[in-house]
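Structure assessment
The primary structure of each chain is shown beneath.
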Amino acid sequence: MKYCQTDLDRAERLELQSGQFVIYTHRSPSKETENEDCLAVIPLRDDCYIFAVADGLGGLPSGGSASQITIDTLDNKSHEYNEGIQFREIILDSFEKANRLILDKGSGAATTLAVAELQKNEVRTYHVGDSKILVCGQRGKIKLNTVSHSPVEYAVEAGVIDEDEAVLHDERHLVSNVVGSHEMSITLGSTVKLSKYDTLLLASDGLFDNLYMEEIIEIIRKGPLESVATSLIEMASKRMLSEAPELPGHPDDLTFILYRPL
């Protein structure tokens with residue numbers, strides 16, 4: 001399942017053998033041009049899936065094309081899966097191949113890419129850029145939170161600023177690592193085991209630039225996934241159009257995948 005340059009009217013819920021997931025993608029409310037985000041849910045076998053979110057960089061040419069190249073490449077490489085190939089190999093090769101394809105276009109296009117490999121309710125993350133992957137428990141405990149490749153996020157990790165300051169920072173949109181760069185580097189996370197009531201979230205920065213982390217956690221930690229998705233959409237969309245200086249608010253394409261194990 002792939003969605004590229006798509007505007008969904010509402011979140012869509014689907015069932016996997018191992019759990020349930022909800023997806024959503026829509027362009028920024030402030031623009032007439034296409035949605036530059038893409039997402040994919042790719043089955044490798046009954047108990048293993050690849051989730052991916054790519055966010056074509058706005059302000060650069062062909063951002064939507066770059067995000068689609070990454071998702072198409074990941075999808076195409078997944079067809080090469082067999083028992084002799086590790087899932088990690090497929091995913092890392094996809095990053096590298098997509099990077100070469102985008103560079104070969106010579107247009108200056110670039111994109112982020114966040115990938116979660118789900119295998120028997122164990123999650124491993126791979127990412128380039130500032131699309132994030134998050135896992136939280138029903139009580140709100142953060143079990144996984146990828147570090148965006150951006151100067152502002154690095155400042156948060158170093159303790160120079162806190163997360164609430166970061167989401168209001170003037171330079172929060174700067175990205176220091178992208179697919180479509182000769183210097184691209186892939187961050188590979190460790191394996192995290194999902195418990196029954198954990199929630200996995202992959203999202204473009206259209207979500208994390210408009211909601212505080214504590215707001216996201218409070219929304220996603222419990223309740224039916226369709227209701228969770230609706231709340232995220234409504235709150236992020238409202239913030240995008242808000243002019244309140246004390247609140248985060250930045251019109252942007254919004255894309256996310258939510259997953260919970262059965």
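Residues numbered from 1 in each chain as written. Predicted model: local features only at pLDDT ≥ 70, side-chain atom pairs only at ≥ 80, totals over all residues. Heavy atoms only, no water.

For the rest of this paragraph, the subject is the overall build of the protein chain. Within the protein chain one finds seven helices and 13 strands. Residues classed as buried in the protein chain amount to 54% of the 262 residues present. Of the roughly 11,500 Å² of accessible surface on the protein chain, a fraction of 47% belongs to carbon and sulfur atoms. If you average the places of the 25 positive and of the 43 negative side-chain charges in the protein chain, the two averages end up 8 Å apart. (Helix = DSSP H or I, 4+ residues; strand = E, 2+ residues; numbered from the N terminus. Buried < 20%, exposed > 50% of the residue type's maximum accessible area, 1.4 Å probe, protein only. Areas by Shrake-Rupley, 256 points an atom, 1.4 Å probe, with all protein chains shown as cover. Lys, Arg positive; Asp, Glu negative; His and termini not counted. Charge placed at Lys NZ, Arg CZ, Asp CG, Glu CD.)

With respect to the secondary-structure elements, V53 resides in strand β5 (residues 48–56). Take V53: its relative accessible area is 0%, and that puts it in the buried class. A C-alpha to C-alpha distance of 6.6 Å links V53 and L202, two positions 149 residues apart in sequence. In this structure, V53 is in contact with C38, L39, T112, L113, A114, S131, L202, A203, S204, T255 and I257, ignoring residues within four places of it in sequence. (Contact = heavy atoms within 4.5 Å.)

Below, the discussion takes up the pairing of strand β12 (residues 199–203). Most of β12 sits out of view: five of its five residues are buried. By the alternation rule, side chains of β12 split into T199, L201 and A203 and L200 and L202, which are all buried. Examined bridge by bridge, strand β8 (residues 132–136) and β12 share five bridges and lie antiparallel to one another. Residue V135 lies in a different strand from β12, and its bridge partner there is L200. Bridge analysis of β12 against strand β13 (residues 254–261) gives four bridges, and the strand direction is antiparallel. Looking at the pairing, L201 lines up with L258 of β13. (Pairing = 2+ DSSP bridges.)

On the surface, E157, D162, E163, D164, E165 and E214 cluster together to form a negatively charged patch. Residue contributions to the negative patch peak at three residues, all from helix α4 (residues 163–166). Mapped onto the elements of the fold, D162 is located in the loop between α3 (151–157) and α4. (Patch = residues over 30% accessible without salt bridge, like charges linked within 9 Å, V, L, I, M, F, W, Y side chains within 5 Å. Salt bridge = Lys/Arg side-chain N within 4 Å of Asp/Glu carboxyl O.)

By size, the foremost hydrophobic cluster in this structure holds 47 residues, and its most contacted members are F51, L201, L207, I220, F256 and L258. Here F256 is in contact with V22, I23, Y24, L39, L201, L202, A203, A229, L232 and I233, once residues within four sequence places are set aside. Counting residues in hydrophobic clusters, the runner-up holds 27 residues, among them I90, I91, L113 and V115. (Core = buried A, V, L, I, M, F, W, Y, C linked by side-chain atoms within 4.5 Å.)

Helical geometry: 3.6 residues make up each α-helical turn, so side chains three or four residues apart lie on a common side. The terminal C-alpha atoms of helix α7 (residues 225–241), which comprises 17 residues, lie 25 Å apart, in line with the 24 Å expected from a rise of 1.5 Å per residue. If you check which residues of α7 are buried, you get L225, V228, A229, L232, I233, A236, R239 and M240. The arc that holds the buried residues of α7, viewed along the axis, is 140°, so those residues lie on one side. Along α7, the residues that are exposed and aim more than 90 degrees away from the buried face are E234, K238 and L241. The secondary structure elements touched by the buried residues of α7 are β3 (19–26), α5 (205–208), α6 (213–220) and β13. (Expected span 1.5 Å × (residues − 1). Arc of directions from axis to C-beta.)

What follows covers unusual backbone geometry. Of note, the phi angle at Q5 is positive, near 50°, even though the residue is not glycine. When you line up the elements, Q5 lands in the loop between β1 (2–4) and β2 (12–15). We note that N121 has phi near 65°; this positive angle belongs to a residue other than glycine. For N121, the position within the fold is in the loop between β6 (111–119) and β7 (122–128). Overall, the relative accessible area of 18% leaves N121 in the buried class.

Turning our attention to the sheet that holds strand β9 (residues 142–145). Here we have six strands laid out as an open sheet, ordered β2-β3-β13-β12-β8-β9, and antiparallel in their pairing. Edge positions in the sheet fall to β2 and β9, since each has one partner strand and no second. Between one strand and the next, the sheet's axes are offset by a mean angle of 15°, whatever the strand orientation. On the sheet, α6 packs against β8, β9, β12 and β13 and is oriented at approximately 55° with respect to β8. (Axes fitted to C-alpha atoms, helices over the stretch in contact; angles between N-to-C directions.)

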